[in-house]
Amino acid sequence: MQNETISPPRGRLTAVQGTALYVGAVLGTGVIALPALAAEVAGPASLLAWLGLVVLSAPLAAAFAALGARHPDAGGVSTYARLAFGERTAAVVGWCFYLAIPPGATAAALFGGSYVAAAVGGGTVTTAVTGGALMATVTVINMAGLRMTGRLQSVLFGLLVTLLTAAVVLSLPHAKAENLEPFAPHGWTAVGPAAVLLVFSFAGWEAITHMAGEFRDPARDLPRATAFAVVIVGVLYLAVAFAVIAVLGGGAARSDAPLGDLMARGLGGGARPLAALAAVLLTLGTMNAYYASAAKLGAALGRDGVLPRWFAHGSLAGETPRRSLGFISALAMLALLAVTVTGVGARPVVLLSTGSFVAVYAIGVAAAIRLLPRRSAGRAAAWAALAAVALLLALSGVYLIWPLLVTGAALLSLRLHRNRRRPAALPDTGADRVQVAEPCSTTAGGAVRGAARPVPGGAGKGPQA
């Protein structure tokens, strides 16, 4: 019996599949819509915001990869926060990331749907119906299990890189230097708000950490996947953003489907259906990666008592967290319905999601500084990322209200849950000083579960690294 509990479940993801998941999570739908939104805010100077976030991505991704390799667990950043700062901080991070996915998925679905509408017509109705269909498709794929998710992501990865490369290469002959003038029509201070908007494009470096335990060899494969993904994402983002502005000029800020317009310049007007296909593939890739990681996170939060125990099913490596996945999918559908009915558009949900991601980044980077070994490359990367994340927090402004509200709800839920579980958790013949014995099952990262959880009624902190 004991021999069975010593060996943790082995993950299935390879470094190649991990790279595909990373690229899908980070590259995703930002590249099909946000070059236009950023150009509207800052004009050609938005290219500086893109460059700044590409530079920020390297140390941020390296820090999260080092944490994932050292502590592979489905809880991801929530687990790191628990190890570094205790149960309350872990609950806040977990809720912030988990509840950032529904608005983020809504924005992604709207971006993909807008391309289909531009290609076939139908306006808002086509956009909403396409968005709902994309959400349903990703839910079904993830219900089938992570092996299917990884294979699909590898296929989507190859297709989207090919389509984006073709769009840039074929359109660049139409680029004009005058489209870059004036370079900062709204002033240099507009670069900051553009950067905050673009954080949505770079959200994802923390997402795959929730599936670190699903890698065959997290310590080897996760850093490799991260390094490959940083290079691929950085090159493609900068190339597409430059092409959109240099080729489309002032029309970039007014475009609902900038990648479609870009491809139309290079291939002719008949390229819009191809652009719609690229947008759908990108959207599927992004939502596929985020639904998979968020579903795993929800199961881990249920396991750790941050969410109701009902969510805990599927928290171990190789298991499919169908309950958590269904909950996320339902919230995303409701968010899509609300945005469609109110007609507010994608920008507010992008910024709501961004506010949560920036808060998660701040706590995750602080946890990396505390947990990673001194003089290690990962810890140095975390220090490098800290200043940039602090700047993004300052620029996020009013959209930090959402993570603050989520923080209050998380702490209240944690308190209520602890009050409910305390009497039942203690053995009949013991007192608070007695450690609760649990079966020696393993977490997704292979840690003994009974040893990793705090004693009910105790200090509420996890083990220190």
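Everything quoted here is computed from the prediction, not taken from an experiment.

Asker: Which residues make up the overall build of the protein chain, and what values do they have?
Answerer: Looking only at helices and strands, the protein chain has 18 helices and zero strands in total. For the protein chain, the proportion of its 465 residues judged to be buried stands at 57%. Taking contacts inside the protein chain between residues at least 6 apart in sequence as the whole, the part at least 24 apart equals 82%. When the accessible area of the protein chain is evaluated, it comes to approximately 18,100 Å², of which 65% is carbon and sulfur surface.

Asker: Give me the lowdown on the packing of aromatic side chains, citing residues and values where you can.
Answerer: For the coordinates displayed, the defined rule picks out eight aromatic pairs. Here the aromatic rings of Phe-183 and Trp-188 are separated by 5.9 Å at their centres, their planes lie at 45°, and the arrangement is tilted. Note on Phe-183: relative accessible area 30%, which makes it partly exposed. Each ring, one from Phe-311 and one from Phe-327, has its centre 5.2 Å from the other, and the planes form 90°; the classification is edge-to-face. In this pair, Phe-311 is assigned in the loop between α13 (272-303) and α14 (322-342) and Phe-327 in helix α14, connecting sequence segments 16 residues apart.

Asker: How would you sum up the packing of helix α4 (residues 46-70) against helix α15 (residues 347-371)? Please name residues and give values.
Answerer: Each pair of packed helices can be described by the angle between their axes along with the distance between the axes. Close contact between α4 and α15 brings their axes to 10 Å; oriented N to C, the two are set at 60°. Our classification of the angle between α4 and α15 gives oblique. Crossing angle aside, the handedness with which α4 passes α15 is left-handed. Across from Leu-60, Ala-63, Phe-64, Leu-67 and Arg-70 in α4, the residues of α15 making contact are Tyr-361, Gly-364, Val-365, Ala-368 and Leu-371. Of the residues that constitute the contact of α4 with α15, the class distribution is eight nonpolar, one polar and one charged.

Asker: Help me get a handle on helix α6 (residues 87-98), residues and values and all.
Answerer: Under the 1.5 Å per step criterion, the end-to-end length of α6 is 16 Å for twelve residues, consistent within 8% with the ideal 16 Å. When you tally the buried positions in α6, you get ten out of twelve residues, the bulk of the element. Among all positions of α6, only Glu-87, Ala-90, Ala-91, Val-92, Val-93, Gly-94, Trp-95, Cys-96, Phe-97 and Tyr-98 are buried.

Asker: Describe the packing of α4 against helix α10 (residues 191-202), naming the residues involved and giving the relevant values.
Answerer: Where α4 contacts α10, the axes come no closer than 9 Å and their chain directions differ by 50°. By the angle between their directions, the pair α4 and α10 is classed as oblique. Pair α4 / α10 crosses with right-handed handedness. Counting all contacts with α4, which are made through Ser-46, Leu-48, Ala-49, Trp-50, Leu-53, Val-54 and Ser-57, the residues of α10 involved are Val-191, Ala-194, Ala-195, Leu-198, Val-199, Ser-201 and Phe-202. Of the residues belonging to the contact of α4 with α10, the class tally is eleven nonpolar, three polar and no charged.

Asker: Could you give me a rundown of the confidence of the model for the protein chain, with the residues and numbers involved?
Answerer: Across the protein chain, the average pLDDT comes to 77, with 80% of residues at 70 or higher. At the low end of the mean pLDDT range in the protein chain sits helix α18 (residues 449-452), at 38; at the high end sits α14, at 91. For residues 1-9, every residue scores under 50 in pLDDT, and the model assigns this stretch six contacts once sequence neighbours within four places are set aside. Note that pLDDT drops below 50 for residues 423-465; the model gives that stretch 69 contacts with residues more than four away or on any other chain.

Asker: Explain the nonpolar core to me, using residue names and the numbers behind them.
Answerer: Grouped together as the largest cluster of nonpolar side chains are 139 residues, with contacts concentrated most on Leu-27, Ile-32, Tyr-98, Phe-111, Leu-164, Trp-205 and Leu-259. With 16 residues, the top contributor of residues to this core is α13. Once you skip the residues sitting within four places of it in the chain, Ile-32 turns out to touch Phe-111, Gly-112, Tyr-115, Pro-258, Leu-259, Ala-279, Leu-282 and Thr-283.

Asker: Describe unusual backbone geometry, naming the residues involved and giving the relevant values.
Answerer: Leaving glycine aside, a negative phi is the common case for residues, and trans is the common case for peptide bonds. With an omega of -10°, the peptide bond running from Glu-181 to Pro-182 counts as cis. By the secondary structure assignment, Pro-182 is in the loop between α9 (146-171) and α10. One non-glycine residue, Arg-375, adopts positive backbone phi at about 65°. The topology assignment puts Arg-375 in the loop between α15 and α16 (377-396). Under the relative-accessibility criterion, Arg-375 is labelled exposed at 85%.

Asker: Break down a nonpolar patch on the surface for me, with residues and values.
Answerer: Taken together, the side chains of Leu-170, Leu-267, Leu-274 and Leu-277 define a hydrophobic patch exposed on the protein surface, amounting to about 320 Å² of accessible area. Along the polypeptide, Leu-267 turns up in helix α12 (residues 258-267). The class of Leu-267 is partly exposed, set by a relative accessible area of 46%.

Asker: Describe the side chain of Thr-126, with residues and values.
Answerer: Turning to its location among the elements, Thr-126 is positioned in helix α8 (residues 123-143). A distance of 2.8 Å separates a polar atom in the side chain of Thr-126 from the backbone oxygen of Gly-121. For Thr-126, the residues in contact, after removing those within four places along its chain, are Val-116, Ala-117, Val-120 and Gly-121.

Asker: Quick one: what's the story with the environment of Ala-292, residue by residue and with numbers?
Answerer: On the secondary structure map, Ala-292 appears in helix α13. Judged by its relative accessible area of 5%, Ala-292 falls in the buried class. A sequence separation of 28 residues divides Ala-292 from Thr-320, and the C-alpha atoms of the two residues are 9.0 Å apart.

Asker: Residue-level account of the environment of Ala-128, with values.
Answerer: Take Ala-128: it is sitting in helix α8. Take Ala-128: its relative accessible area is 18%, and that puts it in the buried class. Residues Ala-128 and Ala-117 lie eleven residues apart in sequence; the distance between their C-alpha atoms is 9.4 Å. Leaving out residues up to four positions away in the same chain, Ala-128 has contacts with Leu-336 and Thr-340.

So, how was this worked out
- Residues numbered from 1 in each chain as written.
- Predicted model: local features only at pLDDT ≥ 70, side-chain atom pairs only at ≥ 80, totals over all residues.
- Heavy atoms only, no water.
- Helix = DSSP H or I, 4+ residues; strand = E, 2+ residues; numbered from the N terminus.
- Buried < 20%, exposed > 50% of the residue type's maximum accessible area, 1.4 Å probe, protein only.
- Contact = heavy atoms within 4.5 Å.
- Areas by Shrake-Rupley, 256 points an atom, 1.4 Å probe, with all protein chains shown as cover.
- Phe/Tyr/Trp six-rings, centres within 6.5 Å; stacked < 30°, edge-to-face > 60°.
- Axes fitted to C-alpha atoms, helices over the stretch in contact; angles between N-to-C directions.
- Parallel < 35°, antiparallel > 145°, perpendicular 65-115°, else oblique.
- Left-handed = near helix turned anticlockwise from the far one by under 90°.
- Nonpolar A, V, L, I, M, F, W, Y, C, P; charged D, E, K, R; others polar.
- Expected span 1.5 Å × (residues − 1).
- pLDDT = per-residue confidence, 0-100.
- Core = buried A, V, L, I, M, F, W, Y, C linked by side-chain atoms within 4.5 Å.
- Patch = residues over 30% accessible without salt bridge, like charges linked within 9 Å, V, L, I, M, F, W, Y side chains within 5 Å.
- Salt bridge = Lys/Arg side-chain N within 4 Å of Asp/Glu carboxyl O.
- Polar contact = N/O pair within 3.5 Å; in protein donor to acceptor, adjacent residues only side chain to side chain.

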